[in-house]
Amino acid sequence: MSSFAGRMKEYPNISLDRFDRENIHARAYFLSHCHKDHMKGLKGPLLKRKLQFSRTVRLYCSFVTKELLLSNAKYSFWEDYIVPLELESPTQISLVNEVSGEKEDILVTLLPAGHCPGSVMFLIEGCQGNVLYTGDFRLAVGDVSRMEHLHSGSRVKDLQSVYVDSTFYDPRFYQIPSRDICLNGILDLVGNWISQSPYHVVWFNCKAAYGYEYLFTNLGEEFKTQIHINNLEMFKKMPEIVHYVTTDNKTQIHACRHPKDEEYIQGHRLPCGRTAADGTPLQIISIKPSTMWFGERSKKTNVIIKTGASSYRACFSFHSSYSEIKEFLLYLKPVNIYPNVIPIGKTLTEVTHLLNQICRKQSDPEAFIYKPLGVLKRTRTDQSFVDPDSDEGLFEGVDLAPVRKKTPTQPENGQDKTPVLEQTEITYELVVEDQLLPHNYLDCTESNDEDNGQSHLIFTECEVQQDLPDSQTSSDFDIPCTPESKAPGSEELRELYRRLASGEDVFNQR
DNA sequence: GCGATCAGAT
DNA sequence: CACATCTGATCGC
């Protein structure tokens, strides 16, 4: 839940996603998406009065957000005061003090946030520097490198601050299966059920919020059907959604709701009350989309969990995981990072500390000079190092991001009397500057072959969002290990980067 | 009677 | 498995 107070240090004359208290006096309002916890004060009478007296104050949002907002009668008074903006189209906005006439211009760009229909991030450029307010977002690793407006030529724009969706910024939420993997799990489950007979139906137990629509469109597309929902008025101008939803309950896939829907399902009935025409009882399964997460090294289990005789939980997340947020921030390297959300079970101090470790103001100034190639560093020399789950010092001395360190195997605990075997593998961190490489995470291990005395550097792809069977995971890539090949900018490393940068899949050639 | 806030629910 | 919302109790104006 957003706890962002509404204003950014650099641009205190605008308010974003909060419209109560001091925010009422802002010279412009911004709404990142249409979820209630980002709309506090938006239907307030105070704001209504302010709009009538002001000639310049407006609410800026995406076209889709405008449509969703105005579909709710409580917000229809905004009609004449909303300025919808196109995605990825920088727009100049004048912030006018209506008393003094003093004026400040900012350039605003909406960036798709992947959280729910219409959700955006706001990039603000102006006299106080560039700042990014992310709203809520779900972006995959690598997405940020393809966001044109965060770049200037091939370089990342210099960002003073990022106000980030830190919902899952806690190593506990290290990885969340990708959208595609979750979707495939759901399509499998639904397909296997509804193909059995026309009386086999599925009910999605969705929360009352926007964000499930891409699930409905994918289900509709896959099974050439429509999904039953209570009301589709809000989507009437969105053909890509409205084509796949219906208020006609004679369909096998439902996401309809009723105040007592859980009771209905217990009684083997649908919330919409639909029954088969000939009296044959419907065979209903329920699927509850909810977030599932996995630790850094945990082998992921299924994205579908059976929770009862005819009920399932399916992995589904509106928000980026810890590793996705971290990659996003390490890529942008802002001077400051501020959390918009305190993750459950954490304190503001803890999140702020975690975020400070990866922002520019904490790092070595050397870190931001251009380096053309990666560097290999020996990560660990003995068994006595820090808690592998702690981020304490993780990026110390690292000159280029992103980086992922490997941790050595350790004895279970003090109870375990098994002697620690001397390791013949030395783990390195590989530091890659070229942000546009398709492989942001590479592990590198030096392997000493006892038999023939040869050493190799073995590179492994670490794409955390993949959940493929072993047969489909990428293989290692290795090069001979010599003092020369390990050196920064060596021929061997240069060759590896060249091949990666050209899009070659060096990991799957054997 | 309305709004703000909290506990409890899904 | 922890997101966003709704309902109902309570309090204050």
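Note that the coordinates shown come from a computational prediction; the quantities given were computed from them, not determined experimentally.

Analysis parameters
Residues numbered from 1 in each chain as written. Chains lettered and ligands numbered in written order. Predicted model: local features only at pLDDT ≥ 70, side-chain atom pairs only at ≥ 80, totals over all residues. Heavy atoms only, no water. Pairing = 2+ DSSP bridges. Helix = DSSP H or I, 4+ residues; strand = E, 2+ residues; numbered from the N terminus. Axes fitted to C-alpha atoms, helices over the stretch in contact; angles between N-to-C directions. Contact = heavy atoms within 4.5 Å. Near = heavy atom within 4 Å. Polar contact = N/O pair within 3.5 Å; in protein donor to acceptor, adjacent residues only side chain to side chain. UniProt positions renumbered as here; feature names shortened; annotations may be inferred. Phe/Tyr/Trp six-rings, centres within 6.5 Å; stacked < 30°, edge-to-face > 60°. Buried < 20%, exposed > 50% of the residue type's maximum accessible area, 1.4 Å probe, protein only.

Quick word on the sheet that holds strand β7 (residues 120-126)
What the six strands build is an open sheet, ordered β5-β6-β7-β8-β11-β19; its pairing is mixed. Of all strands in the sheet, those with a lone pairing partner are β5 (91-96) and β19 (336-339), marking the two edges. The mean inter-strand angle of the sheet, taken between neighbouring strand axes irrespective of direction, is 20°. Sheet analysis places strand β6 (residues 103-112) next to β7, joined by six bridges and oriented antiparallel. If you follow P112 over to β7, its bridge partner there is V120. Here helix α7 (residues 322-332) sits on the sheet and contacts β7, β8 (129-133), β11 (159-164) and β19; the angle it forms with β11, its principal contact strand, is near 170°. The sheet strands contacting helix α8 (residues 348-356) are β11 and β19, and the helix crosses β19 at an angle near 150°.

Comments concerning the protein's contact with DNA strand C
With respect to spatial proximity, 16 residues lie near DNA strand C, and among them M1, K207, A208, W293 and I344 are the closest. Counting only atoms of DNA strand C within 4 Å of the protein, the fraction found in sugar and phosphate groups is 61%. Here a phosphate oxygen of DNA strand C and a side-chain polar atom of D136 are 3.5 Å apart.

Structural notes on the UniProt feature "domain: DNA repair metallo-beta-lactamase" (unreviewed entry) in chain A
Per the UniProt record, "domain: DNA repair metallo-beta-lactamase" (unreviewed entry) is annotated on residues 240-343. Between the end C-alpha atoms of residues 240-343 the distance is 33 Å, and the span holds 19% helix and 25% strand.

Comments concerning the packing of aromatic side chains
Where two aromatic rings form a pair, the distance of their centres and the angle of their planes describe that pair. For the structure shown, the criterion picks out 18 aromatic pairs. On the numbers, 4.9 Å between centres and 25° between planes, the contact of Y163 with Y338 is stacked. Here Y163, found in strand β11, pairs with Y338, found in strand β19; they are 175 residues apart in sequence, far enough to count as distant. Note on Y163: relative accessible area 3%, which makes it buried.

As for the sheet that holds strand β17 (residues 304-308)
As summarised here, the arrangement of the seven strands in space is β14-β13-β15-β12-β16-β18-β17, forming an open sheet in which the pairing is mixed. This sheet does not close on itself; its edge strands, each paired only once, are β14 (245-246) and β17. Bridge count for strand β13 (residues 227-228) against β14 is two bridges, and the pairing is parallel. Note that in β14 the partner of I227 across the bridge is V245.

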